[in-house]
Amino acid sequence: MEEEAKIIKISSRNELNEVIDEISLVLARAFYKDPFYVYIMPDNQKRIEQLQWWYKILLNYTFARGDLYILSNKKGAALWLGPKKPALDFMGLALNGLIAYPFKIGFLNFRRMLAVSSEWGALHRKEKGLHYYLLVIGVDPSAQRKGLGRMLMKEQLEKADDEGLFCYLETVTEENVIFYRKCRFYVVKKGKIGEEYSYWIMKRPPEKRKATNCR
């Protein structure tokens, strides 16, 4: 019988080093068909490898600047930034390895990534006050639709509620919008990625603890 998954907060560099290969691969699988990554990493044959490289950068970045949670069965992770500096710092990302993007993914795709990320960053920087930013949440496709995403959200949403802070995110699928609405996020803006894909900016105000859990 499969052991029930629990939430683990990564609190040391050694802990991160022990799981980073496995968690980055899980996130790569989770986001393989994600419209944002299809747009900025269009080579289907290389995308898993490229995504794993990308997520190693984000995992290291989040560990240094935010809160990083994983499932004990290593089937998912949630990466949060904030509350003092929730917006992405591209210099910090570059120092963590993103500077190699044009050479690993291609210059055209680098320009695509910069265009979308710059637009999202400009919108995010308009938000005033302390808050938490959900940078990434992903569950391995083999473990989806089992409530693990809600588990990964719970601890940080409770933390935000206890501190009276709002939460902020971007997402690129209508399915995710539905999921986040169940966690009491609401849409503040809808936009386009290129000519084909959409994105949504969502926020969640702090609530009383009894209302924290996703429905």
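Residues numbered from 1 in each chain as written. Predicted model: local features only at pLDDT ≥ 70, side-chain atom pairs only at ≥ 80, totals over all residues. Heavy atoms only, no water.

Caption draft 1: Quick peek at the packing of aromatic side chains. Under the criterion given, the structure shown has 14 aromatic pairs. Ring geometry for F31 versus Y55: centroids 5.6 Å apart, planes at 35 degrees, classification tilted. Of this pair, F31 sits in the loop between α1 (13-30) and α2 (35-40) while Y55 sits in helix α3 (residues 47-65), and the two are 24 residues apart along the sequence. Here the aromatic cluster, defined as three or more aromatic residues joined through ring pairs, consists of F31, F36, Y37, W53, W54, Y55, Y101, F110, W120 and Y199. Here the guanidinium or amino end of R47 rests over the ring plane of Y32, the centre of that ring lying 4.7 Å away. One residue, K203, lies across the ring of F166, its end atom 4.6 Å from the ring centre. (Phe/Tyr/Trp six-rings, centres within 6.5 Å; stacked < 30°, edge-to-face > 60°. Helix = DSSP H or I, 4+ residues; strand = E, 2+ residues; numbered from the N terminus. Lys NZ or Arg CZ within 6 Å of the ring centre and 35° of its normal.)

Caption draft 2: Here's a closer look at α1. For α1, spanning 18 residues, the distance from its first C-alpha to its last is 24 Å, which sits close to the expected 26 Å at 1.5 Å a residue. Residue I20 marks the point of greatest curvature in α1, where the axis turns by about 55 degrees. Lining the buried residues of α1 we find α3, β2 (66-71), β3 (76-81) and β4 (131-139). (Expected span 1.5 Å × (residues − 1). Bend = angle between axes of the 7 residues up to and from the residue. Contact = heavy atoms within 4.5 Å.)

Caption draft 3: Geometry of the sheet that holds strand β1 (residues 7-9). Taking strand neighbours across the sheet as the criterion, the 7 strands line up as β1-β2-β3-β4-β5-β7-β6 in an open arrangement whose pairing is mixed. Only two strands of the sheet have a single partner each, and these edge strands are β1 and β6 (186-193). Neighbour-to-neighbour, the strand axes of the sheet open up by a mean angle of 20 degrees, direction not taken into account. Relative to β4, β3 runs antiparallel, the two being bridged by 6 bridges. Note on β4: the bridge partner recorded for L79 is V136. (Pairing = 2+ DSSP bridges. Axes fitted to C-alpha atoms, helices over the stretch in contact; angles between N-to-C directions.)

Caption draft 4: Spotlight on the environment of L123. With respect to the helices and strands, the residue L123 is situated in helix α6 (residues 107-125). Residues L123 and L25, spaced 98 residues apart in sequence, show a C-alpha to C-alpha distance of 29 Å. In contact with L123, not counting residues within four places along its chain, are Y168, K189, Y199 and I201.

Caption draft 5: A look at the environment of I40. Structurally, the position occupied by I40 is in helix α2. I40 gets classed as buried once you look at its relative accessible area, which sits at 0%. Not counting residues up to four positions away in its chain, the partners in contact with I40 are W54, Y101, I105, N109, R112 and M113. (Buried < 20%, exposed > 50% of the residue type's maximum accessible area, 1.4 Å probe, protein only.)

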